[in-house]
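Remarks on the overall topology
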Amino acid sequence: MPGERSAGIYGQRNGAYIQRPRFIAIGEFGPGALIYHEGNRYTIDRVTVPMGDRPGQVATSDVRLCEACGYWHDRVDGADRCENCAVPLHRTLPKLMQLTQVHAEPRRRISSDEEEERLKRGFDLRTVYRYAPGGAHQAQVRDTDGAPLAEVTYGDSASVRVLNLGYRKRDAQDRSGQGFWLDPVSGRWLSEGKAARLAQEESAEEESLASFDRAQRTLQVIPYAQDTKNIAVVRLAEPVDDLTAVSLRYALERGIEAHFQLEDSELESEDLPDAERHGRTLFVESAEGGAGVLRRLYDDEDALALVAKEALRIIHYDEDGKDLDRADGAAERCELGCYDCLLSYSNQGFHRRIDRHRAAPWLVALAHSRTRDESRPEPSTTAPAPRREPASDTPIEAFVRLLADGGHRLPDETATDVADAVFHLPGAEVAVFLEYDGARRLGEQDEYRMMDDGWLVIRAGAEPDWKDTVRAYPDVFGVGRDHRGGDR
Ligand SMILES: [Zn+2]
Ligand SMILES: [Zn+2]
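Residues numbered from 1 in each chain as written. Chains lettered and ligands numbered in written order. Predicted model: local features only at pLDDT ≥ 70, side-chain atom pairs only at ≥ 80, totals over all residues. Heavy atoms only, no water.

**Observations concerning the packing of helix α5 (residues 242-259) against helix α7 (residues 303-314)**
At a minimum axis distance of 8 Å, the contact between α5 and α7 shows a crossing angle of 110 degrees. Between α5 and α7, the crossing angle belongs to the class labelled roughly perpendicular. Across the interface between the two elements, A251, L252, R254, G255, I256, A258 and H259 of α5 pack against L304, L306, V307, E310, A311, R313 and I314 of α7. (Axes fitted to C-alpha atoms, helices over the stretch in contact; angles between N-to-C directions. Helix = DSSP H or I, 4+ residues; strand = E, 2+ residues; numbered from the N terminus. Parallel < 35°, antiparallel > 145°, perpendicular 65-115°, else oblique. Contact = heavy atoms within 4.5 Å.)

**Thoughts on the coordination of the zinc ion (ligand 2)**
Bound to the zinc ion (ligand 2) on the protein side are H316 (NE2), C334 (SG), C338 (SG) and C341 (SG), at distances that span 2.1 to 2.3 Å. What the four donor atoms of the zinc ion (ligand 2) show is an angle range of 107 to 111 degrees at the metal, which sorts the shape as tetrahedral. When the donor residues of the zinc ion (ligand 2) are listed from N- to C-terminus, their spacing reads H-x17-C-x3-C-x2-C. The class for C341 is buried, based on a relative accessible area of 3%. (Donors = N, O, S within 2.8 Å, 3.2 Å for Na, K, Ca; no water. Tetrahedral: all angles 85-135°; square planar, octahedral: opposite > 155°, others 65-115°. Buried < 20%, exposed > 50% of the residue type's maximum accessible area, 1.4 Å probe, protein only.)

**Let's talk about the pattern of salt bridges**
It is possible for side chains bearing opposite charge to pair when their charged atoms get close. Applying the stated rule across the entire model yields 27 salt bridges. Note that E257 and R254 form a salt bridge whose closest N and O atoms lie 3.9 Å from each other. Remark: R254 and E257 occur in helix α5; sequence separation between them is three residues, near one turn of the helix. Just as E257 is buried, R254 falls in that class too. Among the charged side chains, a salt-bridge network with shared partners connects R235, D274, E276 and R280. (Salt bridge = Lys/Arg side-chain N within 4 Å of Asp/Glu carboxyl O.)

**So, empty space enclosed by the protein**
In this structure the tally under the stated criterion is one cavity of 30 Å³ or more. The computed volume of the largest cavity comes to approximately 60 Å³. Lining of the largest cavity is provided by V234, L236, A245, L248, R249, L252, G279, T281 and F283. Mapped onto the lining of the largest cavity, the elements with two or more residues apiece are β14 (219-236), α5 and β16 (281-285). Sorting elements by how many residues they give to the lining of the largest cavity places α5 first, with four residues. A class-by-class count of the residues in the lining of the largest cavity yields six nonpolar, two polar and one charged. (1 Å grid on protein atoms, 1.4 Å probe; cavity = no way out; pocket = protein on both sides within 12 Å on 5 of 7 lines; lining within 4 Å. Points joined across faces, edges and corners; volume = space filled by probe spheres on them. Nonpolar A, V, L, I, M, F, W, Y, C, P; charged D, E, K, R; others polar.)

**Quick notes on the coordination of the zinc ion (ligand 1)**
Coordination of the zinc ion (ligand 1) by the protein is provided by C66 (SG), C69 (SG), C82 (SG) and C85 (SG), with metal-donor distances spanning 2.3 Å. Around the zinc ion (ligand 1), the four donor atoms sit at angles spanning 105 to 113 degrees, and that spread fits a shape best called tetrahedral. Coordination of the zinc ion (ligand 1) draws on donor residues from a single chain, spaced C-x2-C-x12-C-x2-C in sequence. Its relative accessible area of 5% is what places C82 among the buried residues.

**What about the pairing of strand β19 (residues 421-425)?**
Of all five residues in β19, four are buried, a share of seventy percent or more. In this sheet, β19 lies alongside strand β18 (residues 413-414) in antiparallel orientation, the contact comprising two bridges. Within β19, the position partnered with E413 by the bridge is V422. The loop that links β18 with its antiparallel partner β19 comprises six residues; one of these, A415, has a positive phi angle of about 45 degrees. Where β19 lies against strand β20 (residues 428-434), five bridges are found, and the strand directions are antiparallel. Across the sheet, A421 pairs through a bridge with V432, a residue of β20. Where β19 folds back onto β20 in an antiparallel hairpin, the turn is made up of two residues, including G427, whose phi is positive at roughly 80 degrees. (Pairing = 2+ DSSP bridges.)

**A short note on unusual backbone geometry**
The phi dihedral of R277 falls on the positive side, at around 60 degrees, and the residue is not glycine. Relative to the helices and strands, R277 is located in the loop between β15 (267-271) and β16. With a phi angle near 45 degrees, A415 is a residue other than glycine that sits in the positive phi range. Considering the arrangement of structural elements, one finds A415 in the loop between β18 and β19.

**Re the pairing of β16**
Counting buried positions along β16 yields five of five residues, so the element is predominantly enclosed. Side chains T281, F283 and E285 of β16 all project onto a buried face; the interleaved residues L282 and V284 project onto the opposite face, where all are buried too. Pairing of β14 with β16 involves four bridges; the strand directions are antiparallel. Directly across from I231, in β16, lies its bridge partner V284. For β15 and β16, the ladder comprises five bridges, and the chain directions are antiparallel. Note on β16: the bridge partner recorded for D271 is T281.

**Quick notes on the environment of A287**
Locating A287 in the fold gives a position in the loop between β16 and α6 (293-299). We classify A287 as partly exposed; its relative accessible area is 32%. For the pair A287 and E266, spaced 21 residues apart in sequence, the C-alpha to C-alpha distance is 5.8 Å.

**With respect to helix α8 (residues 356-367)**
Between its terminal C-alpha atoms α8 stretches 16 Å, which fits the 16 Å expected from twelve residues at 1.5 Å a residue. Buried within α8 we find R356, A359, A360, W362, L363, V364, L366 and A367. Where α8 is buried, its residues contact β10 (136-142), β11 (148-167), β14, α5 and α7. Sitting at the head of α8, D355 places a side-chain oxygen 2.9 Å from the backbone nitrogen of H357. (Expected span 1.5 Å × (residues − 1). Polar contact = N/O pair within 3.5 Å; in protein donor to acceptor, adjacent residues only side chain to side chain.)

**Focus: the packing of aromatic side chains**
Tallied over the entire structure, the rule returns 13 aromatic pairs. Consider the rings of Y71 and Y129, whose centres lie 5.3 Å apart with planes at 80 degrees: the pair is edge-to-face. A residue pair is termed long-range when its members are at least 10 positions apart, and Y71 in the loop between β5 (61-65) and β6 (72-74) and Y129 in strand β9 (residues 123-130) qualify at 58 residues. Both residues of the pair, Y71 and Y129, belong to the buried class. Aromatic side chains F123 and Y167 sit 5.6 Å apart centroid to centroid with 25 degrees between the ring planes, which places their arrangement in the stacked category. Remark: Y167 occurs in strand β11 and F123 occurs in strand β9; sequence separation between them is 44 residues. (Phe/Tyr/Trp six-rings, centres within 6.5 Å; stacked < 30°, edge-to-face > 60°.)

Dropping the structure here:
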């Protein structure tokens, strides 16, 4: 399938492979799951076990999870506070095992009751995240009076994991069984009964015959899928109830998709825990490399406002908060939500928590907001700079003026030891070299060395070419005033 590339988990049966994107596969290919392929039923009964450093050892790792914000940490001695929100860490999840390939067996005899039971049961999936070092960038969202509405943290190349914690329990109190029982030698998933029996045999035999294999005949693991994604975490400035948080989450997701013209599958959202109930929400750009839209929520001061305006239109409200009752041309009035606005088949589990009217006041406020990283200096593009005589400009100044006039991002430094202009972007250091009389010469070897050091090197050419260069790198220079928002 397009876009699935090598980032999938494989399901195998009789030598045939089915590939699914990792984060979908972790749920669909969970232990004991039923899958359908070419008219036949299969159950996932086995995994390819990732090998540890020693022979016979399964590669697993323990993580510590922040219950206050959903951030994950490798378990390291002495690390007992969340690196993201500084709250003490209490919860350790033992023996996480990365899932890469699963195997399925044909399953002919299965009663329809059992089938229905399995399909209904589902898995307790949990999405957790971790920013790349130096890869988190936070901006404040303020209303027209400057009062805080929310904060947006953009994470470039963040590590996102989806954990499969076990079968979804009817009794939410039951948290004892975390993960699944595995026979590490064969890679077979075991039922809990079977795992208990094997454990008993093991202890009886152990005294006389404690082989290495038997010492590990059953192992409880938490399967997970991991990927590197661009993410944004949006957190409101005030506490909200659960219905407002969920409704606003879906409204913003729809708004982002509409504003940036993304397919539904290109953006995912998740509720994150929030100790203060500030509706912390994770947005994940699914596409590898990504279209870069989540970064724009952080570094384009109008992007979130435009997204909120789209979201208001989608939930049948006008920009000032007047309920328009229904989708354009729809016969039926929309009460709390409809399939034209916030409901979809993929969010069925949330339909009872969706109420478009609760999202509306937040969206109206956000529609008139401005987003800025307040740790960065105010951009100088707002007031037209007094025109200097072009003749007095150095070539570097002329280049910066061209950027400013076009409403593009300005360099963080100019005429440094490294390059003519330097941009410190989330996840990238960019060096720009201009061609002019007396310009420094960047040799090929120097360029390779800089690339090895992680620089993106842009040779902007001579002045007549600058505009084309700027247009060729929208991720670096921004799209400019003429192409921003509006007409999409
Ligand atoms: Zn935390
Ligand atoms: Zn509706």
